[in-house]
Amino acid sequence: ERCKMVSHTIVVNVERGMAAGQTVTFKALGEQRPKRLPGDVVVKLKQEDHAKFKRRGDDLHMNIDISLKQGLVGFQISFMHLDGRQVFLKID
């Protein structure tokens, strides 16, 4: 019984809210050897820092600088969310 080397592309779907350190397991897609069951491929998620957003638990936080006047009378701001949506924020 012979095993041959074959390359596969594995697509990992990372869903919203998945945390750093979570794993996605692909059963029996690992290395094969004669007379042995193939192993699993385990992908462990690593979180990278973002320039605007910081993650705290399941929430995203963003700091913005405002003037004293804006703080007292209100303001409007828009920004691009991670999923590409334009978010409008109005504080009265």
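To start, this report covers the structure provided alongside it. (Residues numbered from 1 in each chain as written. Predicted model: local features only at pLDDT ≥ 70, side-chain atom pairs only at ≥ 80, totals over all residues. Heavy atoms only, no water.)

Our next topic: the layout of surface pockets. Size it by volume and the largest pocket reaches roughly 620 Å³. Lining the largest pocket are 22 residues, with Gly 17, Met 18, Arg 55, Leu 60 and Leu 82 sitting closest to its centre. Residue assignment for the lining of the largest pocket shows that the elements contributing at least two residues are β3 (53–56) and β4 (59–62). Top contributing element to the lining of the largest pocket by residue count: β3, with three residues. Split by residue class, the lining of the largest pocket holds eight nonpolar, four polar and ten charged. Within this model, the second largest pocket holds a volume of roughly 390 Å³. (1 Å grid on protein atoms, 1.4 Å probe; cavity = no way out; pocket = protein on both sides within 12 Å on 5 of 7 lines; lining within 4 Å. Points joined across faces, edges and corners; volume = space filled by probe spheres on them. Helix = DSSP H or I, 4+ residues; strand = E, 2+ residues; numbered from the N terminus. Nonpolar A, V, L, I, M, F, W, Y, C, P; charged D, E, K, R; others polar.)

With respect to the element layout, Met 80 can be found in strand β5 (residues 75–80). Placed 28 residues apart in sequence, Met 80 and Lys 52 show a C-alpha to C-alpha distance of 9.9 Å. Those residues within four positions of Met 80 in sequence are excluded, and the remaining contacts are Phe 53, Arg 85 and Gln 86. (Contact = heavy atoms within 4.5 Å.)

Another point: unusual backbone geometry. The phi dihedral of Ala 28 falls on the positive side, at around 60°, and the residue is not glycine. Here Ala 28 shows up in the loop between β1 (23–26) and β2 (41–44). Positive phi outside glycine occurs at Lys 35, with the angle close to 65°.

In the structure shown here, the tally under the stated rule is three salt bridges. Across the pair Asp 83 and Arg 16 runs a salt bridge whose closest N-O atoms are separated by 3.4 Å. Placement of Asp 83 in the loop between β5 and β6 (86–91) and of Arg 16 in the segment before β1 is noted, with a sequence separation of 67 residues between them. Look at Asp 83 and you get partly exposed, because its relative accessible area is 35%. Residue class for Arg 16 comes out exposed when judged on its relative accessible area of 75%. Two residues, Arg 85 and Asp 83, come together in a salt bridge whose shortest N-O distance is 2.8 Å. Within the structure, one salt-bridge network assembled from shared partners comprises Arg 16, Asp 83 and Arg 85. (Salt bridge = Lys/Arg side-chain N within 4 Å of Asp/Glu carboxyl O. Buried < 20%, exposed > 50% of the residue type's maximum accessible area, 1.4 Å probe, protein only.)

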